[in-house]
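These are the residues of each chain, in order.
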Amino acid sequence: MTTRDRQIDRRWEQLHTWGPYGLLGISVVLAVASAGLFDYTSAEWSTGWALAGAALVLQVWWHATRVRRPGRGRTPSRTGTVYYVLRWALAFVLTWIDPFFAFYAASGYMDADELIPGRNRQRLALVASSVTVAGAQAGGMPFGSAVQWILFVALLVAMSALQLAVAHLQEAETRRSRERSETITELERTNTALQQALDENAALHAQLLVQAREAGVADERRRLAAEIHDTIAQGLTGIIAQLQVVANAPDLATARTHLDRASDLARHSLGEARRSVQNLAPIALENDGLPEALKNTVAEWGERTGVRAEFTVTGTTEQLHDEVSATLLRIAQEALSNAARHARATRVGVTLSFMGDEVILDIRDDGQGFDPLALPDRTRTGGFGLDGMRARAERIAGSLTIEAEPGHGTALSARVPLVRHE
């Protein structure tokens, strides 16, 4: 409820409390001032003063009752009905004695809806008040001519209709006010619920940010682990293999050749390690596109392992996004590393196919193969292997399929979306 609404309610309360006092006082003053106009008997004069005193006592009693029970005066009740009937009866008799007491009788128009329960009873109370006022306006009761009766009936109908119309409009306005109040209460409840939801969403958003940050840290750790495995670990494996050859070399020239290869691998691995930490593309992609980088990688791997390795490109070559190129190159490096360690192959073929909206990388070997369903769980000492390659492909919305059979080699295919270089 607004401040203006509270002010209006307070003024209505003051009017209902003090209005009957004022109307009774006006009636008494006018009755005394006009005493010479009417031929009152001593009995009528005494009765009038006695009834006026009774009206004042009744009003004081009702005022005290409203004060002791705050708010009860606004709620229709049996006590309020009794008060209204007694006040009307006193006003009717006083108006019969002196028409100026019709002012006091008009107080019945102000509070019938707040004193008497039931709509029909309220309407009847308004008509009863109109009877008293209309009688005074028709010349005072009792009527001495037919003209007064006709005037009384006309005034009664007009005032009753007017009061009933006002009562109807007031009731409609009260109903609208109640509906507005209920709407405002519902809106406040909805706003409170919405604010609680916003607070919960803010807390959830903060929680999601923490989880996203933690997931990002975990993903970065996995990325670095995979990069280190694909670069440093493979490079060290190659260095160890070269040094083992040096240890068994029959002559100095052979030993020097393998030492040079080991040195090149060490420098290459160091550069890869630095770029992995910086999350940059592999060294092989620094100056070349993916086809050229794969060609060099396959050639170097074949020279290092002594296995016949061939690289083929099909379709129209596209300049790929750096992340796509890096992913496919890392998958190829891991596949070749697995072939060198486990396949015992004599021939390896790598094919890069540009298929319009996809890029497919196939790596095939004629090695001893394996059963894909019988792979052991990865250990701390093992590599990232097939799981790591599959995770790399899925990270860029791709997929990895493996076809292998013991004694019949292995075929690996990585299929990723063709995303062009920006």
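Since this is a predicted model, take the numbers as computed values, not measurements.

Draft legend 1. Just the packing of aromatic side chains, in detail. What the rule picks out here adds up to nine aromatic pairs. Among the aromatic residues, ring-to-ring pairing joins Trp61, Trp62 and Tyr83 into one connected group.

Draft legend 2. Here's a closer look at the packing of helix α3 (residues 78–97) against helix α6 (residues 119–137). The geometry of α3 relative to α6 is characterised by a closest axis approach of 10 Å and an angle of 15 degrees between their N-to-C directions. The angle between α3 and α6 places the two elements in the roughly parallel class. Judged by the twist between their axes, the crossing of α3 over α6 is left-handed. For the pair formed by α3 and α6, the contact residues are Tyr84, Trp88, Ala91, Phe92 and Thr95 on the first element and Ala125, Leu126, Ala128, Ser129, Thr132 and Ala136 on the second. Its residues assigned to classes, the contact of α3 with α6 shows eight nonpolar, three polar and no charged.

Draft legend 3. Main features of the sheet that holds strand β4 (residues 399–404). As summarised here, the arrangement of the five strands in space is β1-β2-β3-β5-β4, forming an open sheet in which the pairing is mixed. Strands at the two margins of the open sheet, each flanked by one partner only, are β1 (308–314) and β4. Direction aside, neighbouring strands of the sheet carry axes that sit 10 degrees apart on average. Taken strand by strand, helix α9 (residues 290–305) contacts β1, β2 (347–354) and β3 (358–365), and its axis lies near 170 degrees from that of β1. Seen against the sheet, helix α10 (residues 322–343) touches β2, β3 and β5 (410–417) and runs at an angle of roughly 10 degrees to β3.

Draft legend 4. Region of the structure containing helix α11 (residues 385–395). What α11 keeps buried is the set Gly385, Leu386, Gly388, Met389, Arg392 and Ala393. Viewed end-on, α11 has its buried residues packed into an arc of 165 degrees, placing them on one side of the element. Residue Ala397 follows α11 closely and has a positive phi angle near 65 degrees.

Draft legend 5. Structural view of empty space enclosed by the protein. Scanning all chains against the criterion turns up four cavities of 30 Å³ or more. Estimated volume of the largest cavity: approximately 160 Å³. For the largest cavity, the lining is made up of 13 residues, of which Ala31, Trp45, Gly48, Trp49 and Phe101 are closest to its centre. Counting only elements with at least two residues in the lining of the largest cavity, the list comes to α1 (3–33), α2 (42–68) and α3. In terms of residue count, the dominant contributor to the lining of the largest cavity is α2 (five residues).

The rules behind the values
- Residues numbered from 1 in each chain as written.
- Predicted model: local features only at pLDDT ≥ 70, side-chain atom pairs only at ≥ 80, totals over all residues.
- Heavy atoms only, no water.
- Phe/Tyr/Trp six-rings, centres within 6.5 Å; stacked < 30°, edge-to-face > 60°.
- Axes fitted to C-alpha atoms, helices over the stretch in contact; angles between N-to-C directions.
- Helix = DSSP H or I, 4+ residues; strand = E, 2+ residues; numbered from the N terminus.
- Parallel < 35°, antiparallel > 145°, perpendicular 65-115°, else oblique.
- Left-handed = near helix turned anticlockwise from the far one by under 90°.
- Contact = heavy atoms within 4.5 Å.
- Nonpolar A, V, L, I, M, F, W, Y, C, P; charged D, E, K, R; others polar.
- Pairing = 2+ DSSP bridges.
- Buried < 20%, exposed > 50% of the residue type's maximum accessible area, 1.4 Å probe, protein only.
- Arc of directions from axis to C-beta.
- 1 Å grid on protein atoms, 1.4 Å probe; cavity = no way out; pocket = protein on both sides within 12 Å on 5 of 7 lines; lining within 4 Å.
- Points joined across faces, edges and corners; volume = space filled by probe spheres on them.

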